[in-house]
Number of protein chains: 6
Amino acid sequence: MPYVNIRITKDGATAAQKAELVQGVTDLLVQVLAKNPATTMVVIDEVDTDNWGIGGETVTARRQRGR
Amino acid sequence: MPYVNIRITKDGATAAQKAELVQGVTDLLVQVLAKNPATTMVVIDEVDTDNWGIGGETVTARRQRGR
Amino acid sequence: MPYVNIRITKDGATAAQKAELVQGVTDLLVQVLAKNPATTMVVIDEVDTDNWGIGGETVTARRQRGR
Amino acid sequence: MPYVNIRITKDGATAAQKAELVQGVTDLLVQVLAKNPATTMVVIDEVDTDNWGIGGETVTARRQRGR
Amino acid sequence: MPYVNIRITKDGATAAQKAELVQGVTDLLVQVLAKNPATTMVVIDEVDTDNWGIGGETVTARRQRGR
Amino acid sequence: MPYVNIRITKDGATAAQKAELVQGVTDLLVQVLAKNPATTMVVIDEVDTDNWGIGGETVTARRQRGR
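Residues numbered from 1 in each chain as written. Chains lettered and ligands numbered in written order. Predicted model: local features only at pLDDT ≥ 70, side-chain atom pairs only at ≥ 80, totals over all residues. Heavy atoms only, no water.

Draft legend 1. Region of the structure containing the overall build of chain A. Scanning chain A from N- to C-terminus turns up two helices and four strands. If you line up chain A on its principal axes, its C-alpha atoms span 45 × 25 × 15 Å. Counting over 67 residues, chain A shows a buried share of 60%. Side-chain charges of chain A comprise 8 positive and 8 negative groups, with the mean position of each set lying 5 Å from the other. (Helix = DSSP H or I, 4+ residues; strand = E, 2+ residues; numbered from the N terminus. Buried < 20%, exposed > 50% of the residue type's maximum accessible area, 1.4 Å probe, protein only. Lys, Arg positive; Asp, Glu negative; His and termini not counted. Charge placed at Lys NZ, Arg CZ, Asp CG, Glu CD.)

Draft legend 2. Region of the structure containing the side chain of arginine 7 of chain D. Position of arginine 7 of chain D relative to the elements: it lies in strand β1 (residues 3-9). Here the side chain of arginine 7 of chain D touches tyrosine 3 of chain B through a polar contact of 3.1 Å, side chain to side chain. Apart from the residues within four sequence positions on either side, arginine 7 of chain D is in contact with Tyr3, Asn5, Val43 and Asp45 of chain B, Asp45, Val47 and Trp52 of chain D together with Pro2 and Tyr3 of chain F. (Polar contact = N/O pair within 3.5 Å; in protein donor to acceptor, adjacent residues only side chain to side chain. Contact = heavy atoms within 4.5 Å.)

Draft legend 3. Summary view of the arrangement of the chains. Nowhere do chain B and chain E come into contact; their C-alpha atoms are at least 14 Å apart. Of all C-alpha pairs spanning chain A and chain F, none lies closer than 14 Å, and the two are not in contact.

Draft legend 4. Structural context of the relation of the copies chain D and chain E. Aligned on chain E, chain D shows an RMSD of 0.0 Å; the corresponding rotation is 180° and the shift along the axis is 0.0 Å. Both copies are brought into coincidence by an operation consistent with a two-fold rotation axis. Identified as the residue of chain D closest to the rotation axis by C-alpha distance is threonine 39 of chain D, at 3.4 Å. Both copies present the same face, since 100% of the interface residues in chain D are matched by interface residues at the equivalent positions in chain E. (Least-squares fit on C-alpha atoms with pLDDT ≥ 70 in both.)

Draft legend 5. Local environment of the interface of chain D and chain E. Every contact between the two is made by five residues of chain D and, on the other side, five residues of chain E. For the pair chain D and chain E, the summed buried surface comes to about 420 Å²; carbon and sulfur atoms form 84% of the total. Taken together, the links from chain D to chain E amount to zero salt bridges. On the surface where chain D and chain E come into contact, there are zero residue pairs in polar contact (both at pLDDT 80 or more). Here the side of chain D that touches chain E is composed, by residue class, of four nonpolar, one polar and no charged. (Buried area = accessible area lost by both parts, 1.4 Å probe. Salt bridge = Lys/Arg side-chain N within 4 Å of Asp/Glu carboxyl O. Nonpolar A, V, L, I, M, F, W, Y, C, P; charged D, E, K, R; others polar.)

Draft legend 6. Up close: the interface of chain A and chain E. Between chain A and chain E, the residue contacts involve 25 residues of the former and 25 residues of the latter. Counting the contacts that link chain A with chain E gives zero salt bridges. The dominant element in the side of chain A that touches chain E, judged by the number of residues it contributes, is helix α1 (residues 15-33) of chain A, at nine residues. Residue composition of the side of chain A that touches chain E, by class: 16 nonpolar, five polar and four charged. For strand β1 (residues 3-9) of chain A and strand β1 (residues 3-9) of chain E, the ladder comprises five bridges, and the chain directions are antiparallel. Paired with arginine 7 of chain A across the strands is tyrosine 3 of chain E, a residue of β1 of chain E. (Pairing = 2+ DSSP bridges.)

Draft legend 7. Layout of the sheet that holds strand β3 (residues 52-54) of chain A. The strand order across the open sheet built from eight strands is β4(A)-β3(A)-β2(D)-β1(D)-β1(F)-β2(F)-β3(C)-β4(C), with neighbouring strands paired in mixed fashion. Whereas interior strands pair on both sides, the edge strands pair on one side only; in this sheet they are β4 (57-58) of chain A together with β4 (57-58) of chain C. As defined by bridge partners, β1 of chain D adjoins strand β2 (residues 41-47) of chain D across seven bridges and the pair is classed as parallel. The residue of β2 of chain D that forms the bridge with asparagine 5 of chain D is valine 43 of chain D. Helix α1 (residues 15-33) of chain D rests against β3 and β4 of chain A, β1 and β2 of chain D together with β1 (3-9) of chain F of the sheet, and its axis sits at about 140° to β2 of chain D. (Axes fitted to C-alpha atoms, helices over the stretch in contact; angles between N-to-C directions.)

Draft legend 8. A look at the packing of α1 of chain A against helix α1 (residues 15-33) of chain E. Put simply, α1 of chain A and α1 of chain E touch, their axes get as near as 10 Å, and they point 160° apart. When the axes of α1 of chain A and α1 of chain E are compared, the pair comes out roughly antiparallel. With respect to the hand of their crossing, α1 of chain A and α1 of chain E are arranged in right-handed fashion. In this structure, α1 of chain A contributes Gln17, Glu20, Leu21, Gly24, Val25, Leu28, Leu29, Val32 and Leu33 of chain A to the contact, and α1 of chain E contributes Gln17, Glu20, Leu21, Gly24, Val25, Leu28, Leu29, Val32 and Leu33 of chain E. (Parallel < 35°, antiparallel > 145°, perpendicular 65-115°, else oblique. Left-handed = near helix turned anticlockwise from the far one by under 90°.)

Draft legend 9. Summary view of the pattern of salt bridges. Scanning the entire structure with this criterion turns up 30 salt bridges over all chains. A salt bridge links arginine 7 of chain F to aspartate 45 of chain E, with the shortest nitrogen-to-oxygen separation between them at 2.8 Å. Taken as a pair, arginine 7 of chain F in strand β1 and aspartate 45 of chain E in strand β2 (residues 41-47) lie in two separate chains rather than in one. The exposure class of aspartate 45 of chain E is buried, given its relative accessible area of 9%. In this structure, the salt-bridge partner of arginine 63 of chain F is aspartate 11 of chain F, at a minimum N-O distance of 2.9 Å. Pair noted here: arginine 63 of chain F is in helix α2 (residues 59-64) and aspartate 11 of chain F is in the loop between β1 and α1 (15-33), with a separation of 52 residues, a long-range link. When its relative accessible area of 41% is taken as the criterion, aspartate 11 of chain F is described as partly exposed. Three or more residues are tied together by salt bridges with common partners; here these are Arg7 and Asp45 of chain A, Arg7 and Asp45 of chain B together with Arg7 and Asp45 of chain D.

Draft legend 10. Expanded view of helix α1 (residues 15-33) of chain C. Here α1 of chain C spans 27 Å end to end across 19 residues, near enough to the 27 Å set by a 1.5 Å rise per residue. At the C-terminal side of α1 of chain C, alanine 34 of chain C shows a positive phi close to 55°. (Expected span 1.5 Å × (residues − 1).)

Draft legend 11. Focus on the sheet that holds strand β2 (residues 41-47) of chain A. Reading across the sheet, the eight strands line up as β4(B)-β3(B)-β2(A)-β1(A)-β1(E)-β2(E)-β3(F)-β4(F) and stay open at both edges, with mixed pairing between neighbours. A single partner strand is all that each edge strand has here, and the edge strands are β4 (57-58) of chain B together with β4 (57-58) of chain F. Bridge count between strand β3 (residues 52-54) of chain B and β4 of chain B: two bridges; the pairing is antiparallel. Bridge pairing links isoleucine 54 of chain B to glutamate 57 of chain B in β4 of chain B. Where α1 of chain A meets the sheet, it contacts β1 and β2 of chain A, β3 and β4 of chain B together with β1 of chain E, and its direction lies at approximately 140° from that of β2 of chain A. Strand contacts of α1 of chain E: β1 of chain A, β1 and β2 of chain E together with β3 (52-54) and β4 of chain F, with the helix running at about 140° to β2 of chain E, the strand carrying the most contacts.

Keep in mind these numbers describe shape, not what the thing actually does.
As structure tokens, this is what we get:
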């Protein structure tokens, strides 16, 4: 009964892409650890680039600098 | 000083229902573990059904299939 | 299909107390939001008092000061 | 390669303030634990006051009572 | 720069299996969302069965009942 | 009343270093957002290097390769 939380920046992931993530992560847990897919949960959080930092600056700022 | 995070699908929970969850979880921690309610935090996250998966598919997809 | 994460300091909560928390939180979500208990997950994290801070100091330090 | 999640109530924090948090937390981890800033992530979640509880009531309710 | 948190019950997952999870989830995010693997983090939490509940009871209790 | 979760690899951070993190993060939230330190929580999770992945491999594996 795993719980997986995927956090990504809010960049327009489509419903189809999110469905692929859910299926892919669930399949992986079945294959690697023989987990029961019926009770495997996957929750995706999409985070504004102002609210995500790496390297000491926000993703918004990094992108403005062209990175 | 517990911290509780409740994650549910975004399905129109009202402010009154959320207040009930906050009070109910806080009371439970007081009763079972004698925790101090003044420093007990409860945070509720409401997640889009496109972003929540179980059984390898999103809740949006499950509901479309009538489950 | 809610997911609930309860984080408490590691202070000797017994298996019976944890079972009470699991049941109590699950019942609450059924009562307040009519959630399906079969797919309601509750995960309890017990955290060392050196690793938990409030008011700018660790719980270990607070307790040494008699608070 | 630390991961830091800061959760605050949604009260109009500006992009500049969030950038200050990202930089401040990253600097702290460099200073205290000599962590590599390039792989230090900081994610800020802003939570509606209806969804945040403390002392058994929501922040919305506390503020209505003048606290 | 995604962050993924995988929470599973503590049931003896080996270092090799964890490495497979890390690689599999990272590959999935590259394939589905073209994320940069260099800044993709995966953190696995292994949780005692006394601390994991589903269906209103702990995993420990469920297993004792033969489920 | 912020809640901050700092996740780092388990590499022997001392109680004094953790206390410094707690104080530093709390001070930062007071300075940047005028948060109330009395209800600011900081929780530090120390994660085994087998359980932390970046760049598609675990930290254990990276270090064995001399990175």
